[in-house]
Amino acid sequence: MARVDPHSYFDDAQPRSTRWRLKLRVDFERKVLAGEVVLFFDGGASGVVDLDTKGLTIKHASAPFELASEEPILGSRLRLTLPAGTKDVTIAYETSPSAAGLQWLSPEQTEGKKKPFLFSQCQAIHARGVVPCQDSAGARIRYAAEIDVPEGLTAVMSAGPDGDAPGENGRHVFRFNMPQPIPSYLLALAVGELQGRDLSHRSRVWAEPATIEKAAWEFAGVESMIAKAEALFGPYDWDRYDMLVLPPSFPYGGMENPRMTFLTPTLLAGDRSLVDVVAHELAHSWTGNLVTNATAEHFWLNEGFTVWAERRILKALHGDEAAALGWAIGQRELEEALERFSDTPALTCLRTHLTGVDPDDAFSNIPYEKGARFVTALERAAGTKAFDEFVKAYMKRFRFQSITTETFYAFVEEKLPGLPAKVHASAWLDKPGLPAGAPRFVSARLDELNALADGWAAGRRPDPAALRQAPAAELVVFLQRLPRELSAADCAWLDANLKLNERGNYEILAQWLAIAAASGYEPAFPRLRALLSSVGRMKYVRPLYQALGKTPAGRALAREVFASAAPTYHALTRRAAESAMAKYPA
Ligand code: BES
Ligand code: ZN
């Protein structure tokens with residue numbers, strides 16, 4: 001065979017390393033990881049092996065090697081030539097201080113303000129900036145690791161802990177072992193002043209000491225979610241489900257690192273209203289981590305399936321009405337994404353073609369929300385009972401494997417003959433946009449909220465007392481549906497009656513601030529400045545920079561905030577803000 005992934009030099013005809021041993025020293029002064037990786041070729045191998053690297057300094061390797069010059073998306077190919085019978089190769093190396101997969105935070109960027117913090121984010125193709133490896137989801141690995149950190153800091157990984165001990169010169173060494181085979185994008189590491197709190201016999205939340213209490217309260221219900229998910233998708237295969245609450249610059253809502261989900265602190269609303277993100281990351285334990293997309297071209301298999309799974313968990317826990325609100329919020333996000341990608345409609349297909357396209361640039365809500373609707377179309381056409389059996393069989397058949405859309409399609413056809421044709425699967429997969437007849441989700445409360453928002457333009461105002469107390473998701477549905485640009489008087493009405501500037505729920509706050517930003521409503525600018533100076537979650541940062549582009553005062557604010565906050569942003573967040581500002585009128 002040959003290269004099978006447009007984003008990797010991995011070649012499936014070459015020997016495959018299925019196990020790593022990592023030994024890394026975390027150097028906060030120089031902002032580098034330095035040490036070695038041993039790549040094991042169990043059974044022995046020989047010949048050429050191409051690895052992915054990005055920004056790595058290769059100090060030494062135990063086999064002959066050649067490092068090619070850097071390609072913009074892929075990075076630098078590291079070509080090893082293994083002598084016959086090679087069982088392992090040791091590579092001594094160092095990461096770059098500007099590695100996109102690592103963010104090094106100063107103490108001021110943490111809650112505690114005293115100790116530095118490091119976290120990784122390897123999906124989609126940033127593992128190669130952390131470890132030289134076959135960085136393709138089709139090449140699964142097990143790993144052991146030794147992480148050497150300054151005394152007083154704790155290391156956690158997407159793995160099981162395997163002991164820790166004092167090291168030399170005021171250092172401490174944490175050992176880990178990951179016995180289940182994972183794709184490289186699920187490698188994860190975080191180091192900081194961390195405390196853990198048990199939530200159940202198999203779940204613990206980690207956070208900085210200043211946030212641990214709030215985090216333990218917010219996620220206390222996680223065991224009931226695990227139980228519901230097991231009933232739906234089969235046994236939980238990863239032993240433990242721990243979670244880590246990161247500092248606010250974390251660029252995503254959550255990341256499904258196995259055994260250690262990474263979460264943004266913006267979920268700590270104080271009322272458990274944002275735990276759908278935990279349901280989502282937990283669901284990835286099946287859809288994504290157990291059955292994995294073979295490449296980013298099949299990303300919908302991970303995310304579309306997981307959004308569907310997340311809403312099944314939510315429905316089992318909180319009922320149909322709650323799930324319908326989730327679908328409605330997603331519908332608006334989908335429409336916005338289709339609009340944002342109207343110039344590149346090929347990226348609105350579920351099955352994408354990404355040669356020459358950076359997966360971070362192709363990222364959108366489309367694989368999530370269109371994908372979840374496709375899965376629902378299959379579920380409705382098959383009947384829920386038959387489809388639930390299908391899902392369990394799918395998990396069993398492909399567990400610990402990485403598959404393509406075509407493999408999925410063939411498996412549906414095998415288990416539920418005729419089903420793909422019945423739902424027009426090829427239109428969902430290979431045609432842009434949302435197929436006519438896509439599933440709709442109805443609820444009485446949803447109709448009421450939509451009517452309230454639709455009355456706004458005609459001058460009708462909702463009863464503030466009723467809406468002020470409404471559950472967070474209801475308020476989000478209402479705000480999402482309001483016109484994007486409102487008069488100053490309208491903005492003032494909303495803020496005064498619904499107390500929007502004071503909200504601790506970031507979904508509500510971000511909806512409100514998007515309207516305020518697009519409307520050039522200056523009384524909300526301090527709140528906007530504060531959010532954009534502290535929170536790095538791209539879901540909020542990108543739309544807010546976009547909305548600020550609508551008025552001269554907004555653009556001035558965006559440029560001012562960016563100038564001061566950019567050095568504290570994650571590389572991905574910085575890029576998202578920059579690309580939004582690049583579209584501002586001159
Ligand atoms: N795996 C994703 C995050 C991701 C995707 C990181 C692609 C890098 C590249 C994660 O599971 C996710 O989807 N997070 C969402 C949660 C939401 C859909 C509930 C997020 O971050 O907002
Ligand atoms: Zn996801």
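Residues numbered from 1 in each chain as written. Chains lettered and ligands numbered in written order. Predicted model: local features only at pLDDT ≥ 70, side-chain atom pairs only at ≥ 80, totals over all residues. Heavy atoms only, no water.

### Notes on the packing of helix H4 (residues 299–318) against helix H5 (residues 320–340)
Note the threshold: Only the contacting stretch of a helix is used when fitting its axis, a line to C-alpha atoms as for every element, and angles between N-to-C directions run 0 to 180 degrees. A run of H or I in DSSP becomes a helix once it reaches four residues, and a run of E becomes a strand once it reaches two; helices and strands are each numbered from the N terminus. Working rule for angles: under 35 degrees goes down as roughly parallel, over 145 as roughly antiparallel, 65 to 115 as roughly perpendicular, anything else as oblique. In this description, contact between two residues means that some pair of their heavy atoms is separated by no more than 4.5 Å. Only Asp, Glu, Lys and Arg are considered charged in this grouping, and only Ala, Val, Leu, Ile, Met, Phe, Trp, Tyr, Cys and Pro are considered nonpolar; every other residue, Gly among them, is considered polar.
Across the interface, H4 lies against H5 with an axial gap of 7 Å and an inter-helix angle of 150 degrees. Of the possible angle classes, the one that applies to H4 and H5 is roughly antiparallel. For the pair H4 and H5, the contacting residues are Arg311, Lys315 and His318 in the first and Asp320, Ala322, Ala323, Gly326, Trp327 and Gly330 in the second. Of the residues belonging to the contact of H4 with H5, the class tally is 3 nonpolar, 3 polar and 3 charged.

### A look at the site of ligand 1
The cut-off we apply is this: A cutoff of 4 Å decides nearness: a residue is near a molecule or strand if any of its heavy atoms lies inside that distance of it. Counting of polar contacts relies on pairs of N or O atoms within 3.5 Å, with two restrictions inside protein: one atom must be capable of donating a hydrogen and the other of accepting it, and residues adjacent in sequence are counted only when both atoms are side-chain atoms. We get accessible surface area from the Shrake-Rupley algorithm with a probe of 1.4 Å; when it comes to residues, only the shown protein chains can shield them.
Around ligand 1, a shell composed of 17 residues is seen, among which Gln123, Gly253, Glu256, Glu281 and Tyr368 lie nearest. For ligand 1, an oxygen atom lies 3.1 Å from a polar atom in the side chain of His280. Within the complex, 90% of the 520 Å² of free accessible area of ligand 1 lies under protein. If you list the elements that add at least two residues to the shell around ligand 1, you get strand S16 (254–255), helix H3 (276–283) and H4. In terms of residue count, H3 provides more of the shell around ligand 1 than any other element does, 3 residues in total.

### Examining the coordination of the zinc ion (ligand 2)
For clarity, the cut-off: Donors, by definition, are the N, O and S atoms found within 2.8 Å of a metal, the threshold being 3.2 Å for Na, K and Ca, and water is not counted, so a site can look incomplete. A site with four donors is called tetrahedral when every donor-metal-donor angle falls between 85 and 135 degrees; four donors are called square planar, and six octahedral, when opposite donors sit more than 155 degrees apart and all other angles fall between 65 and 115; any other arrangement is irregular. The rule is simple: take the accessible area with a 1.4 Å probe, protein chains only, and divide by the maximum for that residue type; under 20% is buried, over 50% is exposed, in between is partly exposed.
Listed as protein donors to the zinc ion (ligand 2) are His280 (NE2), His284 (NE2), Glu303 (OE) and Glu303 (OE); their distances from the metal cover 1.9 to 2.8 Å. For the zinc ion (ligand 2), the 6 donor atoms in the first shell make angles of 53 to 160 degrees at the metal, a pattern classed as irregular. Between consecutive donor residues of the zinc ion (ligand 2), the sequence gaps follow H-x3-H-x18-E. By relative accessible area, which is 7% here, His280 ends up buried. The exposure class of His284 is buried, given its relative accessible area of 0%.

### Re empty space enclosed by the protein
One water molecule sets the probe size; rolling that probe over the atoms shows where empty space is left. As a reminder of what qualifies: Using a 1 Å grid laid over the protein atoms alone, points where a 1.4 Å probe fits but cannot get out form a cavity; open sets with protein on both sides within 12 Å along at least 5 of 7 lines form a pocket; any residue with an atom within 4 Å of a point counts as lining. Grid points are joined across faces, edges and corners, and a volume is the space filled by probe spheres set on the points.
Scanning all chains against the criterion turns up 7 cavities of 30 Å³ or more. Put simply, the largest cavity is a space of about 140 Å³. Lining the largest cavity are 15 residues, and of these Ala124, Ala137, Tyr185, Thr295 and Ala296 lie nearest its centre.

### Observations regarding the packing of helix H19 (residues 552–565) against helix H20 (residues 571–582)
Filter applied, for reference: We call a crossing left-handed when the near helix sits turned anticlockwise from the far one by less than a right angle, and right-handed when that turn is clockwise.
The geometry of H19 relative to H20 is characterised by a closest axis approach of 12 Å and an angle of 150 degrees between their N-to-C directions. Taken together, the axes of H19 and H20 lie roughly antiparallel to each other. Of the two elements, H19 crosses H20, and the hand of that crossing is left-handed. Judged by residue contacts, Ala558, Arg559 and Phe562 of H19 engage Arg574, Ala577, Glu578 and Met581 from H20.

### Topic: the pattern of salt bridges
Side chains that differ in charge, positive against negative, can pair when their charged atoms come close. Put simply, the test is: Each reported salt bridge corresponds to a side-chain nitrogen of Lys or Arg within 4 Å of a carboxyl oxygen of Asp or Glu.
Applying the stated criterion across every chain yields a total of 36 salt bridges. Arg19 serves as the salt-bridge partner of Asp42, at 3.2 Å between the closest nitrogen and oxygen. Of this pair, Asp42 sits in strand S2 (residues 32–53) while Arg19 sits in strand S1 (residues 19–27), placing them 23 residues apart in sequence. Of the charged contacts, one joins Arg259 and Asp239 as a salt bridge, the two residues approaching to 2.8 Å between their closest N and O atoms. Of this pair, Arg259 sits in the loop between S16 and strand S17 (260–263) while Asp239 sits in the loop between helix H2 (222–233) and strand S15 (242–245), and the two are 20 residues apart along the sequence. Judged by relative accessible area, Asp239 falls into the partly exposed class, the value being 48%. One network of salt bridges, in which partners are shared, links Asp27, Arg30, Lys59 and Glu94.

### Observations concerning the environment of Trp493
Its location among the elements puts Trp493 in helix H15 (residues 488–498). Counting along the chain gives 32 residues from Trp493 to Arg461, while the straight-line C-alpha distance between them is 9.3 Å. For Trp493, the contacting residues outside a window of four places in its chain are Trp456, Arg461, Pro462, Pro464 and Leu498.

### Let's talk about the layout of surface pockets
Each pocket or cavity is described by its volume, and for the second largest pocket that value is around 590 Å³. Taken together, 29 residues form the lining of the second largest pocket, with Ser98, Ala99, Ala100, Leu102 and Ala571 sitting closest to its centre. Elements represented by at least two residues in the lining of the second largest pocket include exactly strand S6 (102–105) and H20. Residue classes in the lining of the second largest pocket are distributed as 11 nonpolar, 10 polar and 8 charged.

### Some remarks on the nonpolar core
What counts is decided by this rule: Only buried residues count toward a nonpolar core. Its members are Ala, Val, Leu, Ile, Met, Phe, Trp, Tyr and Cys residues joined through side-chain atoms within 4.5 Å.
Counting 134 residues, the largest nonpolar core has Ile91, Phe219, Tyr394 and Phe408 as its most contacted members. Top element by residues in this core is H4. It accounts for 9 residues. Setting aside chain neighbours within four positions, we find Phe408 in contact with Trp300, Leu301, Phe305, Phe374, Leu378, Phe390, Tyr394 and Ile403. Counting 56 residues, the second-largest nonpolar core is a separate cluster that includes Val476, Ala517, Val541 and Ala566.

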